[in-house]
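Structural characterization, general
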Amino acid sequence: MDPQDPRLIAAELGVSLFGEVSASLSHELNNVLSVMKENTGLLQDYLELAAQGRELDQERLAELAGRLARQVERGRRLVQRMNRFAHSSDQPSARVELGRLLELVARLFQRPAAQEGFSLEVVPPPSPLEITTRPFVLENLLWRAMRHACQSGDGGQVLRLEALPREGGAEIRLSPWPAGAGREFPGPEEAALLELLEAGLEITAHRPALCLRLPGITG
Amino acid sequence: MKPRILVVDDEKQFAETLAERLRLRMFQVTTAFSGAEALEQIERFNFDLVILDVYLPDQGGLEVLQQIKKLKPLTEVLMLTGHAEVETAIQGMKAGAFDFLLKPAESEELIAKINQAYHRKLSQEERIREAKVSRYVTSPRSALHDD
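The notes below deal with the structure included here.

Definitions and cut-offs
- Residues numbered from 1 in each chain as written.
- Chains lettered and ligands numbered in written order.
- Predicted model: local features only at pLDDT ≥ 70, side-chain atom pairs only at ≥ 80, totals over all residues.
- Contact = placed C-beta atoms within 7 Å.
- Helix = DSSP H or I, 4+ residues; strand = E, 2+ residues; numbered from the N terminus.
- Nonpolar A, V, L, I, M, F, W, Y, C, P; charged D, E, K, R; others polar.
- Pairing = 2+ DSSP bridges.
- Axes fitted to C-alpha atoms, helices over the stretch in contact; angles between N-to-C directions.
- Buried ≥ 20, exposed ≤ 12 C-beta atoms within 10 Å, placed from the backbone.
- Right-handed = clockwise from strand over helix to strand, strands pointing away.
- Expected span 1.5 Å × (residues − 1).

With respect to the interface of chain A and chain B
In this complex, chain A contributes 16 residues to the contact, which on the side of chain B involves 14 residues. Counting only elements with at least two residues in the side of chain A that touches chain B, the list comes to α1 (6-51) and α3 (98-115) of chain A. Element by element, the count of residues in the side of chain A that touches chain B is highest for α1(A), at 13 residues. Residues belonging to the side of chain A that touches chain B are distributed by class as follows: five nonpolar, seven polar and four charged.

Pasting the structure below:
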């Protein structure tokens, strides 16, 4: 197989994306477990003190139970996110609602963005915006674009993702796009992903943004 | 006397709950939720031990460790790490950390490490005191033979 074949490049990038996302989510889940472990440990401490004659503070116990419940909910959301991401590669091509896809990618990238001093905001489309595309390839391209923006830009900013309808398809905007970014984007890997998506890319100078133009139907 | 401990972790719930558990065991505990906050505390107060998360959003745990060792060389540091950062924790030990534990850590193991680190600090402080004193005070017998 030709090593420059975009499908081969996309497959390799896909494995890499799975690794990065898995590492990030597992770190967050480990945090949830650590908090739960300390809170259950604290509960045990209070029970031991009660066994030694100290009065149990009912309000404190209720508060600890509430904390544990919140961590369980936090863990559940992380697992849900992981599951949705895993299933995005079920079909090479599928009909997706772009607002939901952006929401998923933004939540997955939240921790890596925070490491670079960025926070993320998703602006949903005015009404549900569906296109037929390669969801996993699109997620990969967006991940790489956000990573490039965070690593090239100044921290302390909010990265905004928005999806807009356009004739014959849709547009995804990522802003602000760092001026004079060190590495040219798209590079060869991103070009391969764009080819599979049959998409166009433009960096606007005014209110700098990366604009990804997607056809209504891909593949 | 129980050691004074600084717990540094950006996961606030974790840091505060751990701090509460240590206070129940009569340790004096302060919390910090970032590298910058931790270093501010280290500059202002004397801690015997820092429990330091390897991953901090503003500065890496290793960087914070190095700063702690510059500011207060005798302060011991216990690193807490998730699985992916074991290599970083090992580097930390080479940079002067006392030990590292994987999160979530077992309480008994953590308490044991805290006590070991504290005793090491006390021993080092004692050795330094003895070295300083020995410069000025030799045995009483030698004072009688001072020619």
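Structural notes on the sheet that holds strand β2 (residues 119-123) of chain A
Residue and element names in this part refer to chain A. A sheet is described by the order of its strands in space; here five strands give the open sequence β2-β4-β5-β7-β6, paired in mixed fashion. Here the strands that pair on one side only, and so sit at the sheet edges, are β2 and β6 (200-204). On average, each strand axis in the sheet is inclined to that of its neighbour by 20°, with strand direction left out of account. Pairing of β2 with strand β4 (residues 158-166) involves five bridges; the strand directions are parallel. The partner of L120 across the bridge, within β4, is L159.

Some points on the pairing of strand β3 (residues 49-53) of chain B
All names here are of chain B. Burial analysis of β3 places five of its five residues in the buried class, the great majority of the element. The two faces of β3 match: L49, I51 and D53 on one face and V50 and L52 on the other face are all buried. Relative to β3, strand β1 (residues 4-8) runs parallel, the two sharing four bridges. If you follow L6 over to β3, its bridge partner there is V50. Taken together, the five bridges between β3 and strand β4 (residues 76-81) define a ladder with parallel strand orientation. Residue pairing across strands places L52 opposite M79, the latter belonging to β4. Handedness of the β3-helix α3 (residues 61-71)-β4 crossover: right-handed.

A few points about helix α4 (residues 135-152) of chain A
Structural remark: α-helix, 3.6 residues per turn; residues separated by three or four positions point the same way. Taking 1.5 Å of rise per residue, the 18 residues of α4(A) would be expected to cover 26 Å, and the 26 Å separating its terminal C-alpha atoms lies within 8% of that figure. For α4(A), the tally of buried residues reaches 13 of 18 residues, placing the bulk of the element in the interior.

Focus: the environment of A:A11
Residue and element names in this part refer to chain A. Relative to the helices and strands, A11 resides in helix α1. Note on A11: 13 C-beta atoms within 10 Å, which makes it partly exposed. For the pair A11 and L193, spaced 182 residues apart in sequence, the C-alpha to C-alpha distance is 9.8 Å.

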